[in-house]
Amino acid sequence: MEPAWRQQGRGRGRGQGGQGERSRPPQKERERPGAPKPGPPAGARDVSVQSKFEEIRKSNQAAAQRLLQSHISSSSEDDEEDGETETQDGKKGKILASTFTTYTDQTGGDASDLQRTGQYLSELFQSGAVTCLICIASVRRNQAVWSCSGCFSLFHIPCIQKWAKDSVFLVSSVTDEDFGTKQLPWPCPKCRTEYPPSSTPNRYVCYCGKVQDPPADPWLLPHSCGNVCEKNIKPQCGHTCLLLCHPGPCPPCPKMVSVSCMCGKARPLPRRCSNKAWSCQQRCGKMLLCKQHTCTQPCHAGECCPCPRVSVQQCVCGREEAERQCASPRWHCQQVCGAALSCGNHTCERVCHDSVCGLCPRSGERACPCGKSRASQPCTEEVATCGDTCDRALACGMHTCSMRCHRGNCETCRQEVEKSCRCGRYRRFLPCHKEHLCDTKCPQTRGCQRHQCRRKCCPGNCPPCDQNCGRSLGCRNHKCPSVCHQGSCYPCPETVQVKCVCGLSVLIVPCGRERSTKPPRCKELCRTPPSCHHPSRESHRCHPGLCPPCHQPCSLPLSSCSHPCPQPCHDLVLVKSTQVQLAGPWEQPAEPAFVQKALPCPPCQVPIPTACFGDHEVSPVACHRRGPFSCKRPCGRPLTCGNHSCTRECHTVTAGNKTEAGAECEVCELGCSKLRPRGCSHPCPLPCHRGDCPPCQQSVRQRCHCKISVLYVACTKLLSANQNTRIQLGSCNNQCPKELSCGHRCKQLCHPGDCEETCLQRVKVRCPCKRIKKEFPCVKLADGQCSVECDNTCKELQKKANQLKEEEERVAREEEQRKLQAECEAFDKRQKGRRRERRGRRGEVEEESGRWSAWRRYLLLPLGGALLACTMYYLLLLEAARGRRSGVKGTPGELFPFAFCPKLLRPTLRPLFPTSSSCLGCRAGGSNRGWGSPAGTAAEV
């Protein structure tokens with residue numbers, strides 16, 4: 001197909017004869033000035049003129065036909081001119097009026113309930129307002145469309161057919177194992193209202209569904225048949241819609257019906273069918289569910305509210321009474337029934353019931369636990385087990401219980417069976433109650449065709465992908481909120497408002513088309529605030545872009561005077577910009593740029609009588625040139641100090657008048673010489689000034705009463721303070737650091753004079769045994785009035801403590817003696833073993849002869865004896881010192897545990913008790929007093 005600018009006669013008013021028109025320019029190009037033109041004969045000339053006229057007439061007719069068709073299927077480009085817009089608005093008003101006529105006749109001209117339906121109708125008349133959400137293209141008047149019954153959105157029939165087919169294919173390919181055999185519904189692209197496959201639109205009908213392929217009539221609503229809608233109004237009231245065939249929902253029913261109030265007491269009144277429920281505001285008076293009170297609410301619809309009152313009510317069994325809400329009279333207590341059953345052996349175990357207790361649950365013929373044998377036994381006896389195999393089905397459903405007939409539940413099935421894992425790859429023997437799951441992750445791709453399943457031991461029915469899609473929708477503003485899916489995402493259901501500059505005219509378009517949609521044309525006046533100083537702009541309609549320049553007079557008071565500016569408004573004037581920088585002399589300057597700039601007001605030319613600085617002479621001067629002059633006289637104005645006057649000659653004074661000094665007058669540089677208040681020695685810090693001197697703010701340094709902190713107090717405070725205030729100013733407000741005679745610190749804040757000796761601090765006093773504790777004021781302790789004595793309990797406790805200590809010492813001594821005796825016996829055993837070894841070796845030693853035996857006999861034996869004696873003496877001294885510390889009386893010889901045995905002729909253990917008459921080493925008899933001391937033993941040796 002050729003492009004639009006190449007097609008014949010489009011936009012130029014020429015039809016099929018344009019080909020002949022295009023054949024003439026080459027002939028004209030071949031003709032040159034001055035060339036002889038061949039002249040056709042007169043008859044041929046008349047025939048050619050007639051043929052040209054017919055050709056042009058046919059071309060004009062074809063162009064007019066195309067113009068009519070383009071006018072019917074108008075788009076956003078058809079309504080650019082103002083004249084055409086006004087024509088379309090007139091048609092729109094007539095069409096809406098004709099559509100609402102049958103409805104407004106019933107309502108007396110009231111169209112307040114038609115706002116929602118009128119919005120759909122208005123969008124049809126606005127170019128580009130109705131958009132197909134599938135292809136994101138405008139819905140034209142001559143295109144076949146389909147309207148959703150849920151959201152009333154318009155879609156192209158080819159688009160909605162393709163949408164329904166793709167939706168069913170995607171759902172069946174993912175969820176249905178038998179692909180294509182199940183009839184699955186398809187959803188609306190906007191509201192997701194589901195339709196069966198049989199409802200897929202295959203023909204173009206009007207909104208009410210009466211006419212197929214409705215003709216495009218410019219005086220009717222687009223896609224409407226022009227007949228009365230006659231759809232059943234929702235909610236169902238028995239009436240039908242009175243509007244002409246229209247898009248969107250049907251308005252509320254406007255019919256007038258005679259209905260009574262909601263409680264039925266008042267007489268019937270005529271009401272709108274859509275608002276026929278009304279209240280007479282009388283008391284309802286219906287009996288409530290409690291059967292005791294009546295409803296006190298005004299006339300209302302539906303059931304009455306529960307009774308709000310409280311009453312004393314019995315429970316179901318009648319044993320207890322309690323205050324409860326009348327709305328819930330039936331309640332149960334927590335007592336067990338306990339009534340005797342028909343058997344006479346058992347009682348009813350149900351909790352608070354109102355029906356008959358019934359028969360004993362253990363009466364009649366009962367079966368054994370496995371159910372194979374039945375017997376009739378009294379209710380007091382249990383049915384015995386039959387002894388047969390249980391054979392009840394286990395929880396696995398494949399095996400039976402192999403135990404004997406038993407009571408209670410059967411055990412878990414533990415029979416080993418070969419099980420296959422869920423995905424079928426591995427097999428192994430497991431107990432029947434366990435499930436076999438392998439660790440193999442499923443590598444298949446989920447229904448979204450983007451992510452893997454990755455589920456362990458997957459049997460092949462991979463679940464749908466649970467991740468978020470997150471792909472950008474066609475509007476490029478939002479992301480897909482659905483779960484990850486295959487194929488293209490749903491269109492963006494959001495809508496965007498395209499407003500004019502003032503915001504009164506709104507055009508609703510699908511999300512994503514707000515950038516390419518022009519704002520609607522608005523007939524309201526421009527509300528843009530003026531950019532100049534005028535309170536309002538010159539009246540003009542709402543428009544995009546900048547407002548036209550202001551042509552009102554400036555009328556602003558000039559900066560140098562109060563006269564208004566007579567020039568036109570010059571707050572924003574287009575001025576040629578001179579700030580152009582060229583790269584070099586070879587670069588040519590571009591076209592001059594204009595910028596908006598505020599120009600200053602011109603100088604004021606009004607003549608003004610002007611006087612000198614001292615008002616001696618007056619002469620007329622132009623307002624912008626007026627200025628006073630000096631008369632050479634002294635100024636004489638009093639200075640700001642109020643004590644002296646200015647001595648300069650007549651001069652300009654910007655602040656003040658003849659009697660007051662200005663900024664240009666002299667400044668008094670003398671100091672203040674006024675007297676200070678009594679008691680203040682500080683001079684006034686200000687220069688010469690009017691009135692009284694300010695209060696002295698000089699700080700005076702002084703010590704506080706406790707002589708610790710240094711305080712700085714303003715002089716004016718000290719002068720105006722009385723005696724009590726002076727004491728407060730001299731206090732640092734800290735605790736007094738002085739100590740009282742009792743040793744405690746003074747509790748008062750920093751104060752002058754001596755501290756009060758009355759100390760009220762409480763001191764704890766204990767009895768001599770430290771058991772009884774009492775608190776007394778420090779004043780009484782200082783006077784010696786308070787003392788705490790031990791009572792009988794303290795004495796008894798002290799006596800028991802002494803007895804317990806003596807008993808512990810006695811037990812410790814006995815334990816020490818037992819340990820010492822055990823050591824002595826162990827030492828004796830070791831000595832006996834050594835003597836046996838010495839006798840066995842003696843025969844071998846006698847055989848040896850030589851110099852070494854003589855040395856050992858005459859040198860080593862005396863030396864070893866001396867060392868042993870010294871060691872024994874040192875141990876004796878240590879034992880004596882330990883005895884003195886423990887309080888045991890006795891001599892070192894008696895306290896030393898070793899002695900010299902006369903029979904064995906060597907040191908041995910002394911008897912533990914003085915009355916013993918036998919030696920612990922040789923068991924020889926004798927007195928303990930006859931034993932030698934370690935010192936004597938050493939001497940004998």
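As the structure is a prediction and not an experimental result, all values here were calculated from the model. Just so you know, the residues in each chain are numbered from 1, in the order the chain's sequence is written. Where local features are concerned, this predicted model is filtered to residues with pLDDT of at least 70; where side-chain atom pairs are given and counted, the filter is 80 or more; whole-chain, interface and lining totals use all residues. Neither water nor hydrogens contribute to the side-chain values; these are computed over all heavy atoms in the structure.

Turning to the overall build of the protein, a few remarks are in order. Runs of E in the DSSP output that reach at least two residues are strands. Runs of H or I that reach at least four are helices, and both are numbered from the N terminus. In terms of helices and strands, the protein carries 13 helices and 26 strands. Burial classes follow relative accessibility: with a 1.4 Å probe on protein chains only, a residue under 20% of its type's maximum area counts as buried, one over 50% as exposed, and anything between as partly exposed. Looking at the 941 residues of the protein, the share that counts as buried comes to 27%. Here, two residues are considered to be in contact whenever any of their heavy atoms come within 4.5 Å of each other. A separation threshold of at least 6 residues defines the contact pool for the protein, and within that pool the share at least 24 residues apart is 27%. For the protein, the exposed surface amounts to about 64500 Å²; the carbon and sulfur share of it is 51%. Accessible areas in this description were obtained via Shrake-Rupley with a 1.4 Å probe; residue shielding takes into account the shown protein chains only.

Once that is clear, we can look at a nonpolar patch on the surface. Patch construction takes residues with relative accessible area above 30% that form no salt bridge. Like charges are linked within 9 Å, and nonpolar side chains (Val, Leu, Ile, Met, Phe, Trp, Tyr) are linked within 5 Å. By salt bridge we mean one thing: a side-chain nitrogen of Lys or Arg within 4 Å of a carboxyl oxygen of Asp or Glu. A surface patch of nonpolar side chains, about 300 Å² in accessible area, is lined by Tyr-874, Leu-875 and Leu-878. Mapped onto the secondary structure, Leu-875 falls in helix H11 (residues 851–886). Taking the relative accessible area as the measure of exposure, Leu-875 reaches 38% and is therefore partly exposed.

With respect to the element layout, Thr-389 can be found in the loop between strand S12 (374–376) and strand S13 (416–420). For Thr-389, the contacting residues outside a window of four places in its chain are Lys-372, Cys-401, Ser-402, Met-403, Arg-404 and Cys-405.

Negative phi is the rule for most residues except glycine; trans is the rule for most peptide bonds. At the junction of Lys-234 and Pro-235, the peptide bond is cis and its omega measures out at 0° in the coordinates. Along the chain, Pro-235 falls in the loop between strand S6 (194–195) and strand S7 (256–259). Although it is not a glycine, Glu-230 sits at a positive phi angle of roughly 60°. Its location among the elements puts Glu-230 in the loop between S6 and S7.

Mapping His-353 onto the fold places it in the loop between strand S10 (321–325) and strand S11 (365–367). Identification of polar contacts relies on pairs of N or O atoms within 3.5 Å, with a donor-acceptor requirement for protein atoms, meaning one able to donate a hydrogen and the other able to accept it, and with residues adjacent in sequence counted only if both atoms are side-chain atoms. From its side chain, His-353 meets the backbone oxygen of Ser-355 in a polar contact 2.9 Å long. Other than its neighbours up to four places away in sequence, His-353 contacts Val-316, Cys-317, Cys-337 and Cys-348.

This next bit is on the nonpolar core. Remark: nonpolar core denotes a set of buried residues (Ala, Val, Leu, Ile, Met, Phe, Trp, Tyr, Cys) joined through side-chain atoms within 4.5 Å. Ranked by size, the top nonpolar core spans 32 residues in total, and within it Trp-146, Phe-155 and Trp-186 carry the most contacts. A total of five residues in this core trace back to one element, the largest contributor, which is helix H6 (residues 157–175). Aside from chain neighbours lying at most four places away, what touches Trp-146 is Ser-153, Leu-154, Phe-155, Ile-157, Ile-160, Trp-186, Tyr-195 and Pro-201. Judged by nonpolar contacts, the second largest core, of 10 residues, contains Cys-368, Cys-401, Cys-405 and Cys-413.

Below, the discussion takes up the pattern of salt bridges. Here the structure, examined in full by the defined rule, presents 14 salt bridges. Here Glu-230 and Lys-210 are joined by a salt bridge, their closest N and O atoms 3.1 Å apart. Here the residue Glu-230 occupies a position in the loop between S6 and S7, and Lys-210 occupies one in the loop between S6 and S7, the gap between them amounting to 20 residues. A relative accessible area of 49% places Glu-230 in the partly exposed class. Taking the relative accessible area as the measure of exposure, Lys-210 reaches 42% and is therefore partly exposed. Notably, a salt bridge pairs Lys-372 with Asp-388, separated by 3.4 Å at the nearest N-O pair. A residue pair is termed long-range when its members are at least 10 positions apart, and Lys-372 in the loop between S11 and S12 and Asp-388 in the loop between S12 and S13 qualify at 16 residues.

A word on the packing of aromatic side chains. Note on aromatic contacts: the rings of Phe and Tyr and the six-membered ring of Trp form a pair at centre separations within 6.5 Å, being stacked when their planes are under 30 degrees apart, edge-to-face when over 60 apart, and tilted otherwise. On inspection of all chains with the given rule, the structure shows five aromatic pairs. Between Trp-146 and Tyr-195, the ring centres sit 5.5 Å apart and the planes meet at 80°, which makes this aromatic pair edge-to-face. Of this pair, Trp-146 sits in strand S3 (residues 145–147) while Tyr-195 sits in strand S6, and the two are 49 residues apart along the sequence. We note that Trp-146, like Tyr-195, is buried. Within the aromatic cluster, the residues linked to one another by ring pairs are Trp-146, Phe-155, Trp-186 and Tyr-195. Either the NZ atom of lysine or the CZ atom of arginine qualifies as a charge over a ring when it sits within 6 Å of the ring centre and within 35 degrees of the ring normal. Above the ring of Tyr-490, the side-chain terminus of Arg-192 is found at 3.6 Å from the ring centroid.

Take the confidence of the model for the protein next. Per-chain confidence: the protein averages 76 in pLDDT, with 77% of residues scoring 70 or above. Of all secondary-structure elements in the protein, the lowest mean pLDDT belongs to helix H1 (residues 18–22), at 34, while S3 reaches the highest, 91. This model gives residues 888–898 a pLDDT under 50, and the stretch forms 24 contacts once residues within four places in sequence are excluded. pLDDT measures how confident the predictor is about each residue, on a scale from 0 to 100.

Our next topic: the side chain of His-751. Summarising the element assignment, His-751 is placed in the loop between helix H8 (723–729) and strand S23 (762–766). Once residues within four sequence positions are removed from consideration, His-751 is found in contact with His-705, Cys-736 and Cys-746.

Next up on the list: the environment of Leu-394. Considering the arrangement of structural elements, one finds Leu-394 in the loop between S12 and S13. Every residue in contact with Leu-394, bar those within four places of it in the chain, is listed here: His-399, Thr-400, Cys-401, Cys-410, Glu-411 and Cys-413.

Think of it this way: Lys and Arg go in the positive column, Asp and Glu in the negative one, and His and the chain ends go nowhere. Charge positions are represented by NZ for Lys, CZ for Arg, CG for Asp and CD for Glu. On the surface, Lys-829, Arg-830, Lys-832, Arg-834, Arg-836, Arg-838 and Arg-839 cluster together into a positively charged patch. Locating Arg-839 in the fold gives a position in helix H10 (residues 792–847). Using a relative accessible area of 54% as the deciding quantity, one classes Arg-839 as exposed.

Cysteine pairs can be covalently joined through their sulfur atoms, and such a bond is termed a disulfide. Criterion for a disulfide: a pair of cysteine sulfur atoms at a distance within 2.5 Å. Applying the stated criterion across every chain yields a total of zero disulfides. No disulfide involves Cys-457; its sulfur sits 3.6 Å from the nearest other cysteine sulfur, which is in Cys-438. Unpaired in terms of disulfides, Cys-502 finds its nearest cysteine sulfur in Cys-500, a separation of 3.3 Å. A relative accessible area of 22% places Cys-502 in the partly exposed class.

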